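One-letter residues, chain by chain:
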Amino acid sequence: MKLNMPASSWKNPIHIMAFGFGAGASPKAPGTVGTLVAIPVYLVLCQLPLPLYLLAVVLFTGIGIYICDRCARDLQVHDHSGIVWDEIVGYLITMIAIPDNVITVFMGFALFRLFDIWKPWPIAYFDRQVKGGLGIMLDDVIAGLFAWVILFLSVYMMDWLY
């Protein structure tokens, strides 16, 4: 079985982070595996007060722009499928101010993956037009926002997941 991560990347801490600590090395569905890695990260961060959770998301996003750009340049591939830090951040955005229970964690995962794979407008536009680390991150940030709106409305407006 061939891993989806160059051998040299295992020695580079920036590449390891960009590859979601190895999740992106999965030969099948690395984005989905990367999003799975985001779940325990969320379960730790959701214990923080909301302002600190938001600060963590902003920091993860800024770090992601840098590490995704650096990894993509090093590998000479604009958005290598194994770079999944953006999926981690996208899921964390999906889960902003969402209660942590089995249903919301699963729904957040499913909604984020739906928008990340489907890429409706404007996600697809930014995915194609914006290059570098910002481009790698931006489509997942927007997919996370789309998923968050639906999940947030489901939880708080419809009151059926609360």
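This section reports on the structure supplied with the text. (Residues numbered from 1 in each chain as written. Predicted model: local features only at pLDDT ≥ 70, side-chain atom pairs only at ≥ 80, totals over all residues. Heavy atoms only, no water.)

So, a nonpolar patch on the surface
On the surface, Val-149, Ile-150, Leu-153, Tyr-156, Met-157 and Met-158 cluster together into a nonpolar patch covering about 550 Å² of accessible area. Mapping Val-149 onto the fold places it in helix H7 (residues 132–157). According to the relative accessible area criterion, Val-149 is partly exposed, its value standing at 39%. (Patch = residues over 30% accessible without salt bridge, like charges linked within 9 Å, V, L, I, M, F, W, Y side chains within 5 Å. Areas by Shrake-Rupley, 256 points an atom, 1.4 Å probe, with all protein chains shown as cover. Salt bridge = Lys/Arg side-chain N within 4 Å of Asp/Glu carboxyl O. Helix = DSSP H or I, 4+ residues; strand = E, 2+ residues; numbered from the N terminus. Buried < 20%, exposed > 50% of the residue type's maximum accessible area, 1.4 Å probe, protein only.)

Points about the pattern of salt bridges
Counting across every chain of the model gives five salt bridges. Asp-116 is the salt-bridge partner of Lys-119, the closest N and O atoms lying 3.2 Å from each other. Assessed through its relative accessible area of 21%, Lys-119 is described here as partly exposed. Note on Asp-116: relative accessible area 5%, which makes it buried. Residues joined by salt bridges that share partners form a network here, namely Arg-113, Asp-116, Lys-119 and Asp-139.

Things to note about the packing of helix H2 (residues 30–45) against helix H5 (residues 102–118)
Where H2 contacts H5, the axes come no closer than 11 Å and their chain directions differ by 145°. In this structure, H2 meets H5 at a crossing whose hand is right-handed. Of the residues in H5, those in contact with Gly-31, Thr-32, Thr-35, Leu-36, Ile-39, Tyr-42 and Leu-43 of H2 are Val-105, Phe-109, Phe-112 and Arg-113. Residues of the contact of H2 with H5, tallied by class, amount to seven nonpolar, three polar and one charged. (Axes fitted to C-alpha atoms, helices over the stretch in contact; angles between N-to-C directions. Left-handed = near helix turned anticlockwise from the far one by under 90°. Contact = heavy atoms within 4.5 Å. Nonpolar A, V, L, I, M, F, W, Y, C, P; charged D, E, K, R; others polar.)

Section: the nonpolar core
In this structure, Tyr-53, Ile-83, Tyr-91 and Met-95 are the most contacted members of the largest nonpolar core, which totals 40 residues. Those elements that provide at least two residues to this core are helix H1 (13–18), H2, helix H3 (50–75), helix H4 (85–94), H5 and H7. (Core = buried A, V, L, I, M, F, W, Y, C linked by side-chain atoms within 4.5 Å.)

Looking at the packing of aromatic side chains
How two aromatic rings sit relative to each other is set out by the distance from centre to centre and by the angle between their planes. Under the defined criterion, the tally for this structure stands at nine aromatic pairs. Centroid distance Phe-152 to Tyr-156: 4.7 Å. Interplanar angle 45°. Geometry classified as tilted. Placement of both Phe-152 and Tyr-156 in helix H7 is noted, with a separation of four residues, approximately one turn of the helix. You can call Phe-152 partly exposed: its relative accessible area is 24%. Three or more aromatic residues link up through ring pairs in this structure, and these residues are Phe-21, Phe-60 and Trp-85. (Phe/Tyr/Trp six-rings, centres within 6.5 Å; stacked < 30°, edge-to-face > 60°.)

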